[in-house]
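If you want the building blocks of each chain, they are given just below.
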Amino acid sequence: MKTLFFDTASDELLTDLISREAVLWVTSYPEKNIQLSHAIAKLIELPWRAVLVEKSPVELIADIDTLAGDTSWVPVRGYLHVVASDPSTLTLPRRSQPVYLLTGKPNAIDPGESASLPPRTALRRRFNMVAHMALVQPKRIFIVGPSPLDAVDDIVELWGQGCRALITVICGDRSQDDAVRQRLTPAIGLSTVVWIGIEEVSFIEQVLNRTSALLLTEDLHIRFKLPTGKSFEVNLREAELPERPLSDYCDFIPVRDLFPLSPEDLTDEEVRNFFTRGKLSWRPFAAGLPWLPEQSAVKTAIKCLDDLLCGTSDEGPALLTVYSESGAGGTTLAREIAFAAAQKGFIPILVKPHTMVPSALELAGFMYRSLDGIGKASGLTGIPEHQDEPAWLVVLDVEHFDRQDGDLLRLFTDLVRSGRKFAVLKVMDPGRVIEFPREIREIELANIVHDVDHDVVKDLGQHLNRFLKPHGRDKIIDSWLAFWRQHRPDVDTGLASFWIALEFWLAGYLDLGESIQQWLLNQFKDATVSREIKQALLEIAALSVERRAMPESLLSKLTIPNCPWQQALDDLRSSAPALGLIRVRVPDLGSVWAIGHDVLARYLINGVHRDILFCKSLDLPESTDSVGFRLARIKAICSRPSIKDISVRPLVLSLATSVLKLDEQSGSAEFFPYWRQVLAILDGIPSAVREESRAFNHHLAISRRRICQSDFFGATLSEQLDLLEKAEKEVLFSLQRISASTADESDLNLYNTLALIYLDLASYERKTTNRREVLIALLAKSDDATQSALRENPSNSYVLETAARNLLKRAPDLDDVQRIRAAAEALSYIQQAFSLDSAMLRRQKLGKLAEEAVSYLHSPDAATQIDRLCAQGSSFGYMAKAWLVIASSSEGQQLSDAMENLQPRIAKEALSVLENATQKEWPLVRFMYELQVASQPHSFERQLLLLEELSSFAGYKISLQQQLERAVLLHQRGRHQDGNKAFASIRREAKAAGSLLFLPTRLRWLYAPDGLTKLICNAQFIDHGVGRASAQVRELAGAQVPLRPQEFGKERLAPGERFRCFVSFGAMGPFLKPTDSGTK
Amino acid sequence: MSADWYASRKGWKLCKANLMVEGNLDVRYFLTANDLYRAKHQKSLVGLDFSIFSAGSGDAGGTYGILDEFPTLFKLVGLDLDGNGRRKYSVGVLLDNDRNGQRAASALPKQNRSLHLWSQIFLLHRILPCRTRDSLPLGKHVESENGKYQGLQCEIEDLLAEYFIDLFMSENPRHKSVKLKVDDGFHVSWSDDAKHGLANFAGQYGSVEDFSKIIETLKSIRFYFGLPPDGVSH
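The rules behind each value
Residues numbered from 1 in each chain as written. Chains lettered and ligands numbered in written order. Predicted model: local features only at pLDDT ≥ 70, side-chain atom pairs only at ≥ 80, totals over all residues. Heavy atoms only, no water. Helix = DSSP H or I, 4+ residues; strand = E, 2+ residues; numbered from the N terminus. Rg over C-alpha atoms; globule rule 2.2 N^0.38 Å. Contact = heavy atoms within 4.5 Å. Areas by Shrake-Rupley, 256 points an atom, 1.4 Å probe, with all protein chains shown as cover. Core = buried A, V, L, I, M, F, W, Y, C linked by side-chain atoms within 4.5 Å. Buried < 20%, exposed > 50% of the residue type's maximum accessible area, 1.4 Å probe, protein only. Axes fitted to C-alpha atoms, helices over the stretch in contact; angles between N-to-C directions. Parallel < 35°, antiparallel > 145°, perpendicular 65-115°, else oblique. Nonpolar A, V, L, I, M, F, W, Y, C, P; charged D, E, K, R; others polar. Pairing = 2+ DSSP bridges. Buried area = accessible area lost by both parts, 1.4 Å probe. Salt bridge = Lys/Arg side-chain N within 4 Å of Asp/Glu carboxyl O. Polar contact = N/O pair within 3.5 Å; in protein donor to acceptor, adjacent residues only side chain to side chain. Expected span 1.5 Å × (residues − 1). Arc of directions from axis to C-beta. Left-handed = near helix turned anticlockwise from the far one by under 90°. pLDDT = per-residue confidence, 0-100. Phe/Tyr/Trp six-rings, centres within 6.5 Å; stacked < 30°, edge-to-face > 60°.

1. Thoughts on the overall build of chain A
Counting its regular elements, chain A contains 41 helices and 24 strands. Since a compact globule built from 1080 residues should have a radius of gyration of about 31 Å, the 33 Å found for chain A is in line with a globular shape. When its C-alpha atoms are laid out on the principal axes, chain A stretches across 105 × 80 × 80 Å. Contacts in chain A between residues far apart in sequence, at least 24 positions, make up 72% of those at least 6 positions apart. Surface summary for chain A: the accessible area is close to 43600 Å², and the carbon and sulfur share equals 50%.

Next comes the structure, spelled out in structure tokens:
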């Protein structure tokens, strides 16, 4: 180990400090040195990750208390927390700066903080403080003070525990260097220690002077536009919570980055960085470097934001989607849209790569807190009213909520409930298309692919040449076309990678026609780093393929070289930059590492696993294929003790819920051949996770079930039984032993899966020992679980499907009459599920289930049994008859087709059958309502009567969606006061339940009594002074209904002004519209 | 390996290029066409570099089977790389040009946005031109060249020679079917029984000439996959 002596702190050291990567360790110093004490107090104020103070004289404590009033650095590091007692049970805010007093506090009031604890207690306190410091994973430790040896022993001990950091000593007495090195050299593997050999006070003055200038750059001035079209600037930093700042998770586009640049303004390095995914810079965007095949995506997004801002659309927030093949430029397009939006005065919030998505509460809270500054900046008194607020754009990349559709929908729904004006822009994997519920307005902005044609390449070449020419790197058109021919997706090319290859080519890494995989492999093999580092990179790659980042704390203990992982991986980044290794600091987790692109990670894994000699040199056993190789890396990660740490819990949960889930849609079919190994890995996850997470247990149970559903996986019968029994236990454990929470799996989903597991067990029993009593018991359990799920939500499509399956599974064991009854009841569930789902495959699956049910109605003696049921007055007899009418109309086509395109004539015929029923139970009435709507969409009176009848059944809870339809129908029938009350109740319930509601087209407008012509209403404007503009509508019994004056061609209406209007309905109630939009 | 494993479990043999079709009868027609072609030209259109298999049998086939199976196979195949980082296989799907086929052609891209009509999704037409492999112009060529059929639906049986169909109908009057005719194209709605009967009949008596349109279809699809359209020698 060498000591490098300096007289001043380098920029690199200060960067570590300012970026909160450093820990300060203050050694003991003479108490009488008041000047040093004051200086140290000021040094402590800077944004360290943590501070440890060896001895804390009264003066120092007093100085820290005094300086605590200065909040200059608070936005950067949160508040100071002086900790003098044992911190083993201490929880600090996400952003905060702990100051650990290692020997306690003189004159402490709390005995635990005392400087004179019994020796063992004092020692324990010290150990726990030092251990706490290790959790923050500093990049560098600054040891400041005249006695650096104070810190050395503790640092050596931390090193032994796997904590690695660079060391910088600030001490005017250079003669202590030998002693320090002698203690450090045998224990730690650093090649150098930096020693700033000047007086501590001088060093502190230097640092304070240089960092104070940097403080100014911490403001976050962004541009925003109001509906009036005027733009202003506001410092959004003031809206951040010091202890939980949104900027931990999100990026913004400051005003200073918005000014246009020309191609010549970009340096060659900036152009190269853009193509090699270096640090995010907005300059290439300002210069127009990103190439867009067409501007429509940007234009559509801006139009949507404009509509939101000005309220010219009553459709509310939108989910904007960009589908992009891996590496085809989805991220770049999303950033381009964000940049264009920022230029126009909308406020983009870009969630950082590989960072957790902040909750809707955090996002909405930030938007709300910003309103204060926005109001002041735009000269308003107080915060702006809703209609005057700016519009926000929340940008999520492909890895955010990857394969976690439910979380994406929850974020969106919760943001809608917050009432802010926003759109979410999400980059989507084209292979994981979400069928968004109809309540969510999805606008697909683009679908970017690698397969581009000849003309596009010419255009692309001409565009990029403008940026390459100033650096002498432009290419002739023939070169662009030759490159395209080599790399366009084809039967003989690699996985879709035209754009990736282009990036490599433009960065100068790749020659024309060279294989990216081979090139990457060579880079990796030639990198001059140790075997352990290469092994780690392959583990990072295995997770990167799954778009997951590797927490540094999950890497193995590094022995060669014996240095911090960060330094080791930084060395690898320098020697092989094209591997695209990136590091992100994630709150609550520390550093995470990933390969910038999943395609590159896949190439690397594929190349390495095939190179058997190289694998041997890395001590990696052979694998049959690259998937097995990846799985072995994931297994190695999961076997580390740190896998149980709470900080890595999201990654561990995602193993069960998506990465290793044995499911084509939400998991990965790639791991199917390895299902036994996959389950072994998940079974090996520490019990701490399984005892606390419903989601982990639930998704593991789903994977186990999946294996038993067909012979496809080749599980033996005994394996199937074992899997199903384990799945049952996991779901029961989750229901009975783990409390429900909004962030975890719901009872609804667990009961649904439980019912299906019992159905699978019943099928197993039927095909093996077929013991009747066991079968009956299992079907009864399935029935119980189904009923529990239905109680949780009777309108969930999957639960309704389970209810139908449950009935049909029991049908063979029932007597003839009961079988018909079960089939008719099952059909009523299927029909409801059908009306809730629009995806073709799902509808076809439900159609097949319906065909199974109808087959019972067509069985030889069925007609007699149906008549018998009708004679008994059973609703299900009539429902069976009605279904036969529908089924007869599907001849020559699938039943799902007949259900999807239910002809009014058929619906009417089926309805007339039901009307003959003498006793009406709620399934029959609900079926009648659906048929009534299908046969006569505008028969509002009859529809209302049926819904009223439905809501009068004691055992039936009318759903929120049905309540909404009833509320509109009340208005349609002139019962406006009841309608207004119903809407008020729906608004309350929808907010509490977090539901988004959908209004069918037939109920969008208030119609005249003919049910066909929109009613022209008389309204009188009400002047509230503040709040949303509204008017009293005579035809709605004087109800006050909101409107947008701009839609009526005016900035504002005069108080009492009368006007004519239409009334439209939305999920939250009526809304006034001008009469110029057609009467039909 | 995952794609191979998946395919083998489903009973599919993977070649360099692969085509999933709706049913086993489609496979039978294509294989018969290949046998006839090979006997005449000593080249194979199917079997060496090109594999054709159905999504499933009976209820598991048809557009339901395609929607259920094809996206998963497509995804797995896209990730299976050889030693040079090249895809080992490519896959496409051929759908009947009837209502269900057209709906499936629209539904597939909703399951995977990387799937595009005339790129991986093909609709059976009487004429499949080989002027380009780029999906947009190809779609336009298909549309214009088949315009004379005025949207007449097309299943594989409609590609057999017309006199051959007439012969089958006259010899099997129990399979009552109506033949719709537009220009030189025709469409017959067969019952399931009749379809099987016709397939047997064609297998027994069909000649290269009777199968010429099916052979041309095979050549076109091979062209779209980037394979030599006229086949490969053993």
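2. Quick look at the nonpolar core
Trp25, Leu320, Ile337 and Leu660 of chain A together with Phe50 of chain B are the most contacted members of the largest nonpolar core, which totals 273 residues. With residues near it in sequence (within four places) discarded, Ile337 of chain A still touches Ala297, Val298, Ala301, Val322, Leu393, Leu425 and Leu445 of chain A. In this structure, Cys870, Met879, Ile886 and Leu944 of chain A belong to the second largest nonpolar core, which totals 99 residues.

3. A look at the packing of helix 34 (residues 862-871) of chain A against helix 35 (residues 875-888) of chain A
Residues and elements named next belong to chain A. One way to put it is that helix 34 packs onto helix 35 with a least axis distance of 7 Å and a crossing angle of 135°. Taken as axis vectors, helix 34 and helix 35 run oblique relative to one another. Across the interface between the two elements, Ile866, Asp867, Leu869 and Cys870 from helix 34 touch Phe876, Gly877, Tyr878, Ala880, Lys881 and Leu884 from helix 35. A breakdown of the residues in the contact of helix 34 with helix 35 according to their chemical character gives 7 nonpolar, 1 polar and 2 charged.

4. Some remarks on the sheet that holds strand 19 (residues 590-595) of chain A
Residue and element names in this part refer to chain A. In spatial order, the strands read 17-19-18; together these 3 strands make up an open sheet with antiparallel pairing. The outermost strands of the open sheet, each flanked by one partner alone, are strand 17 (550-551) and strand 18 (581-586). Here strand 17 pairs with strand 19 via 2 bridges, running antiparallel. Following the sheet pairing, Met550 is matched in strand 19 by Trp593.

5. Topic: the interface of chain A and chain B
Across the boundary between the two partners, chain A contributes 49 residues, which contact 41 residues of chain B. Together, the buried faces of chain A and chain B total about 4000 Å²; carbon and sulfur atoms form 49% of this surface. For the pair chain A and chain B, the number of links is 2 salt bridges. The shortest N-O distance in the salt bridge between Arg113 of chain B and Glu444 of chain A comes to 2.6 Å. Our count for the chain A to chain B interface comes out at 9 residue pairs in polar contact (both at pLDDT 80 or more). Looking at the side of chain A that touches chain B, the elements that each hand over two or more residues are strand 16 (442-448), helix 21 (598-610), helix 33 (840-857) and helix 36 (895-900) of chain A. Among the elements that make up the side of chain A that touches chain B, the one with the highest residue count is helix 33 of chain A (5 residues). Of the residues assigned to the side of chain A that touches chain B, the class counts are 17 nonpolar, 12 polar and 20 charged.

6. Observations concerning the sheet that holds strand 3 (residues 50-53) of chain A
All names here are of chain A. Spatially, 1-8-7-6-2-3-5-4 is the arrangement adopted by the 8 strands of the open sheet, whose pairing is parallel. The outermost strands of the open sheet, each flanked by one partner alone, are strand 1 (2-6) and strand 4 (79-83). This sheet shows a mean twist of 20° between the axes of neighbouring strands, independent of strand direction.

7. Describing helix 7 (residues 192-205) of chain B
All names here are of chain B. Given a rise of 1.5 Å per residue, 14 residues ought to cover 20 Å, and the 20 Å separating the end C-alpha atoms of helix 7 matches this to within 8%. Residues Ala194, Lys195, Leu198, Ala199, Phe201 and Ala202 constitute the buried set of helix 7. End-on view of helix 7: buried residues confined to an arc of 165°, all on one side of the axis. Away from its buried face, by an angle of more than 90 degrees, helix 7 presents the exposed residues Asp192, Asp193 and Gln204.

8. Some details on the pairing of strand 20 (residues 1017-1022) of chain A
All names here are of chain A. When you tally the buried positions in strand 20, you get 5 out of 6 residues, the bulk of the element. Here 4 bridges tie strand 20 to strand 23 (residues 1058-1066), and the two strands are oriented antiparallel to one another. What sits directly across from Ala1019, in strand 23, is Phe1059. Across 4 bridges, strand 20 lies against strand 21 (residues 1030-1033) in antiparallel orientation. Opposite Gln1020, over in strand 21, you have Gln1032 as the bridge partner.

9. Brief notes about the packing of helix 16 (residues 477-487) of chain A against helix 17 (residues 498-506) of chain A
Residue and element names in this part refer to chain A. Contact pair helix 16 / helix 17: the axes reach a minimum separation of 10 Å and the direction vectors enclose 135°. Accordingly, the angle class assigned to the pair helix 16 and helix 17 is oblique. Of the two elements, helix 16 crosses helix 17, and the hand of that crossing is right-handed. Within the contact between the two elements, helix 16 uses Ser479, Trp480, Phe483, Trp484 and His487 and helix 17 uses Phe498, Ala501, Leu502, Trp505 and Leu506.

10. Re the pattern of salt bridges
Pairs can form between side chains of opposite charge whenever their charged atoms are close. All names here are of chain A. On inspection of all chains with the given rule, the structure shows 82 salt bridges over all chains. The salt bridge involving Arg181 is made with Asp177; its shortest N-O contact spans 3.2 Å. One end of the pair, Arg181, and the other, Asp177, are both in helix 7 (residues 177-184), 4 residues apart, so they sit about a helical turn from each other. One salt bridge connects Arg531 with Asp619, and the closest N-O pair in it is separated by 3.8 Å. A residue pair is termed long-range when its members are at least 10 positions apart, and Arg531 in helix 19 (residues 531-545) and Asp619 in the loop between helix 22 (612-617) and helix 23 (626-638) qualify at 88 residues.

11. A few points about the confidence of the model for chain B
Averaged over all residues, the pLDDT of chain B is 93; the fraction at 70 or higher stands at 100%. Predicted complex, confidence summary: ipTM 0.88, pTM 0.86.

12. Notes on the packing of aromatic side chains
Taken as a whole and assessed by the stated rule, the structure comprises 37 aromatic pairs over all chains. With 6.0 Å between their ring centres and 65° between their planes, Phe223 of chain B and Tyr224 of chain B make a pair best called edge-to-face. Residue Tyr224 of chain B is classed as buried on the basis of its relative accessible area of 7%. Grouping aromatic residues by their ring pairs yields a cluster made of Phe672, Phe712 and Phe713 of chain A together with Trp5, Tyr6, Trp12 and Phe53 of chain B.

13. Considerations on unusual backbone geometry
Negative phi characterises most residues that are not glycine, and trans characterises most peptide bonds. Here Ile560 of chain A and Pro561 of chain A are connected by a cis peptide whose omega angle stands at -5°. Along the chain, the position of Pro561 of chain A falls in the loop between strand 17 and helix 20 (565-575). Despite not being glycine, Arg547 of chain A has its phi angle at roughly 60°, a positive value. Counting through the fold element by element, Arg547 of chain A comes out in the loop between helix 19 and strand 17. A residue is classified by how much of its surface remains accessible, and Arg547 of chain A, at 13% relative accessible area, is buried. In this structure, Gln150 of chain B is a non-glycine residue whose phi angle is positive, near 50°. Relative to the assigned elements, Gln150 of chain B resides in the loop between helix 5 (135-145) and helix 6 (162-171). Residue classification places Gln150 of chain B among the exposed residues on the basis of a relative accessible area of 66%.

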